[in-house]
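Here's the letter readout for the chains.
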Number of protein chains: 2
Amino acid sequence: MDGYDKYAHEPFAVTVDLAVFTLRDAALHVLLVERGQEPYAGRWALPGGFVQPDESAETAARRELAEETGLSDVSGLHLEQLRTYSEPGRDPRMRVVSVAFAALLPDAPEAHGGSDAADARWVPHGTAGPLAFDHDRILADAHDRVGAKFEYTCLATAFCPPEFTLGELQQVYETVWGTELDRPNFRRKVLATPGFVEAVPGAARLTGGRGKPAALYRAGTATALHPPLLRPTREGRPA
Amino acid sequence: MDGYDKYAHEPFAVTVDLAVFTLRDAALHVLLVERGQEPYAGRWALPGGFVQPDESAETAARRELAEETGLSDVSGLHLEQLRTYSEPGRDPRMRVVSVAFAALLPDAPEAHGGSDAADARWVPHGTAGPLAFDHDRILADAHDRVGAKFEYTCLATAFCPPEFTLGELQQVYETVWGTELDRPNFRRKVLATPGFVEAVPGAARLTGGRGKPAALYRAGTATALHPPLLRPTREGRPA
DNA sequence: CCCTTTTATAGTCAGTACGACTATAAAAGG
DNA sequence: CCTTTTATAGTCGTACTGACTATAAAAGGG
């Protein structure tokens, strides 16, 4: 890193791209914007924008998160840097290096209410055709990362409202992983992990529809899962 | 990402920084360069450099890896993107966004043999005082990441020569984690994981010094570890 | 109002994995 | 020859997990 002046260094534009997930009707949704101009006009793209001169990528990402979701307070939301995408041809107009982030929301208020008219929309995951730029790749990487972190962290509660049932928490896992889990075993595991969830003391209950009311829980203070909660082995057919 | 021309976007310099690890005499070593000029003159720093206009960060990182280690072929080495550091004040001279990488080498040829005189040196981990810029943070993050990946991947063999004993592999784990492992249990776990290591058929053996000769193994084809090989629980004192 | 359906919760049981430990084998050093 | 050192084999009890059965408490339909 010596001798900056000895090297010719081209200027790069630095942006952030956000893969923002939420759960709606037990289906994974992603926040997307429709592009109005070339390149990729008419295609869906991940929300994002330029990092300003006085911002870190994290600051820019949280600012974009607030702008695109229309939420007034995004300070408590889970936002995590994924990785940086820097292939020379990824934006045909100029040399853009993009720091990608993943964000998780509990509920899904319709997005484009913001005064700045960020016309972002919640789109069911997988239904938005090929995205602009390399955003399909970014989105897939984000989904992989979130799924992997579910195994050894308590991240799943970031999709849940402040109070939730164990059935809802299990739904979160099943939706993100795309698998089904055994309900008694899931209960046992979650309750056996200290700090994952804590029972709402008022023995409060919630009626979602048919069956017996379920006890309510809040997210606990733990962040890691020891031992991990592994998804069902996908070694069903080994080669 | 619409409307590039509506935003004022300052140019950024984009660099890569490398945390290159190797094992020497059962001690973790890091490749560092001594800074010759301000800022941080005389301090150690991670090797790195600017991303060229026609390069991705990954390409730049592998090029720097070859330059700084002096190795002619770095194509087989493990090189992995860590994350991007973009705090506005991290370089006092200019706005620099740095994509950090971690690399693992089996053996440690003394580095600065390269014709380009990259004067990088192998320094025992933890002995190089405070590093320049935010490189202490980057190095710590890299070490954390490598240690964490040891739990659920076969990455540890990246530190080993083509043929190695189980004792040497255990040394790798113990050095990176800073803990001691039970030898029989470690054997059982490694050998029970299909594809982690494969025995060298010639019943070959190696004498390191005193005791009974050990069987030789090669790295297998597996990359993941299911179930993971967790390090001894550091919950010795819970709060 | 009873009976079925649905969901929540409790509990059982066997197989696996793992930590702690003991025992044997094969080399080097004195 | 005996001790030390390292490699390898095996044992035992516990914790965790997958698969499963059973009971409780609600809604809905006849």
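Residues numbered from 1 in each chain as written. Chains lettered and ligands numbered in written order. Predicted model: local features only at pLDDT ≥ 70, side-chain atom pairs only at ≥ 80, totals over all residues. Heavy atoms only, no water.

If you look chain A up in an unreviewed UniProt entry, it shows as NUDIX hydrolase from Streptomyces cahuitamycinicus.

1. Quick word on the overall build of chain A
Assigned secondary structure in chain A consists of 4 helices and 11 strands. Counting all 239 residues of chain A, 47% fall into the buried class. Expressed as a percentage of contacts within chain A between residues at least 6 apart in sequence, the contacts between residues at least 24 apart total 65%. Roughly 11,500 Å² of accessible area belongs to chain A as shown, and the carbon and sulfur atoms make up 51% of that amount. (Helix = DSSP H or I, 4+ residues; strand = E, 2+ residues; numbered from the N terminus. Buried < 20%, exposed > 50% of the residue type's maximum accessible area, 1.4 Å probe, protein only. Contact = heavy atoms within 4.5 Å. Areas by Shrake-Rupley, 256 points an atom, 1.4 Å probe, with all protein chains shown as cover.)

2. Things to note about the protein's contact with DNA strand D
As a structural note, the neighbourhood of DNA strand D is formed by 21 residues, with Arg188 and Lys189 of chain A together with Arg183, Arg187 and Ala215 of chain B the closest of them. Asn185 of chain A is positioned such that a nitrogen or oxygen atom in its side chain is 2.9 Å from a base nitrogen of DNA strand D. Arg210 of chain A places a polar main-chain atom, nitrogen or oxygen, 3.0 Å from a sugar or linking oxygen of DNA strand D. Looking at the surface near DNA strand D, the elements that each hand over two or more residues are α4 (183–192) of chain A together with α4 (183–192) and β10 (214–215) of chain B. (Near = heavy atom within 4 Å. Polar contact = N/O pair within 3.5 Å; in protein donor to acceptor, adjacent residues only side chain to side chain.)

3. Side note on the protein's contact with DNA strand C
The full set close to DNA strand C counts 21 residues, and Arg183, Arg187 and Ala215 of chain A together with Arg188 and Lys189 of chain B are the nearest of them. Among the atoms of DNA strand C lying within 4 Å of the protein, the sugar-phosphate backbone contributes 57%. Residue Lys189 of chain B places a side-chain N or O atom 2.9 Å away from a phosphate oxygen belonging to DNA strand C. Sorting the residues of the surface near DNA strand C by element identifies α4 and β11 (214–219) of chain A together with α4 of chain B as the ones contributing at least two each. Per-element accounting of the surface near DNA strand C gives the leading share, 4 residues, to α4 of chain B.

4. Some words on the packing of helix α3 (residues 166–177) of chain A against α4 of chain A
Residues and elements named next belong to chain A. Packing of α3 against α4 leaves a shortest axis separation of 10 Å and a crossing angle of 100°. Here α3 is positioned roughly perpendicular relative to α4, judged by the angle of their axes. Where α3 approaches α4, its residues Leu166, Gly167, Leu169, Gln170 and Tyr173 are matched on the opposing element by Arg183, Phe186, Arg187, Val190 and Leu191. Tallied by class, the residues present in the contact of α3 with α4 amount to 6 nonpolar, 2 polar and 2 charged. (Axes fitted to C-alpha atoms, helices over the stretch in contact; angles between N-to-C directions. Parallel < 35°, antiparallel > 145°, perpendicular 65-115°, else oblique. Nonpolar A, V, L, I, M, F, W, Y, C, P; charged D, E, K, R; others polar.)

5. Quick word on the relation of the copies chain A and chain B
Aligned on chain B, chain A shows an RMSD of 0.0 Å; the corresponding rotation is 180° and the shift along the axis is 0.0 Å. Each copy turns onto its partner about a two-fold axis. Both copies present the same face, since 100% of the interface residues in chain A are matched by interface residues at the equivalent positions in chain B. (Least-squares fit on C-alpha atoms with pLDDT ≥ 70 in both.)

6. Quick notes on the domain arrangement of chain A
Residue and element names in this part refer to chain A. Segmentation of chain A into domains returns domain 1 (13–151) and domain 2 (153–219). Taking only C-alpha atoms into account, the centre of domain 1 sits 27 Å from that of domain 2. Contacts between the two partners involve 16 residues from domain 1, matched on the other side by 13 residues from domain 2. Contact with domain 2 buries area across many residues of domain 1, yet Leu23, Lys149 and Phe150 alone supply 45% of it, more than any other trio. Inspection of the domain 1/domain 2 interface yields 0 salt bridges. (Domains from an automatic or database assignment. Buried area = accessible area lost by both parts, 1.4 Å probe. Salt bridge = Lys/Arg side-chain N within 4 Å of Asp/Glu carboxyl O.)

7. What about helix α3 (residues 166–177) of chain B?
Between its terminal C-alpha atoms α3 of chain B stretches 16 Å, which fits the 16 Å expected from 12 residues at 1.5 Å a residue. Within the span of α3 of chain B, buried status applies to Leu166, Leu169, Gln170, Val172, Tyr173, Glu174, Thr175, Val176 and Trp177 of chain B. (Expected span 1.5 Å × (residues − 1).)

8. Thoughts on the environment of Ser75 of chain B
Residue and element names in this part refer to chain B. Within the secondary structure layout, Ser75 lies in the loop between α1 (57–69) and β5 (78–85). Taking the C-alpha atoms as reference points, Ser75 and Arg121, separated by 46 residues in sequence, lie 21 Å from one another. Side-chain polar atoms of Ser75 contact the side chain of Asp73, separated by 2.7 Å.

9. So, unusual backbone geometry
Residue and element names in this part refer to chain A. Residues Glu38 and Pro39 are joined by a peptide bond in cis, for which omega reads -5°. Assignment of secondary structure puts Pro39 in the loop between β2 (27–34) and β3 (44–45). Positive phi, normally seen in glycine, also occurs at Tyr40, with a value near 65°. Its place among the elements puts Tyr40 in the loop between β2 and β3. In this model, Phe133 sits at a positive phi of 55°, which is unusual for a non-glycine residue.

10. With respect to the pairing of strand β1 (residues 13–24) of chain A
All names here are of chain A. Across the 12 residues that make up β1, a large majority, 11, are buried. Where β1 lies against strand β6 (residues 96–104), 9 bridges are found, and the strand directions are parallel. Note on β6: the bridge partner recorded for Leu18 is Phe101. Of the strand pairs in this sheet, β1 and strand β4 (residues 48–50) are connected by 3 bridges, and their pairing is antiparallel. The residue bridging Thr15 from the neighbouring strand is Phe50, located in β4. Pairing of β1 with β2 involves 4 bridges; the strand directions are antiparallel. Each residue of the ladder has a partner; that of Thr22, found in β2, is His29. Linking two consecutive strands that pair antiparallel, namely β1 and β2, is a turn of 2 residues; a positive phi of about 50° is found at Asp25 within it. (Pairing = 2+ DSSP bridges.)

11. Quick notes on the interface of chain A and chain B
On the chain B side, the residues contacting the 46 residues of chain A number 46 residues. Summing the contributions of chain A and of chain B, the shared interface buries around 4,100 Å²; its carbon and sulfur component is 56%. On inspection of chain A and its partner chain B, the count reaches 2 salt bridges. With a closest N to O distance of 3.2 Å, Arg83 of chain B and Glu58 of chain A form a salt bridge. Inspection of the region where chain A meets chain B yields 12 residue pairs in polar contact (both at pLDDT 80 or more). Elements with a minimum of two residues in the side of chain A that touches chain B: β1, β4, α1 (57–69), β5 (78–85) and β6 of chain A. Counting residues per element, the side of chain A that touches chain B draws most heavily on β1 of chain A, which supplies 4 residues. Classifying every residue of the side of chain A that touches chain B gives 20 nonpolar, 13 polar and 13 charged.

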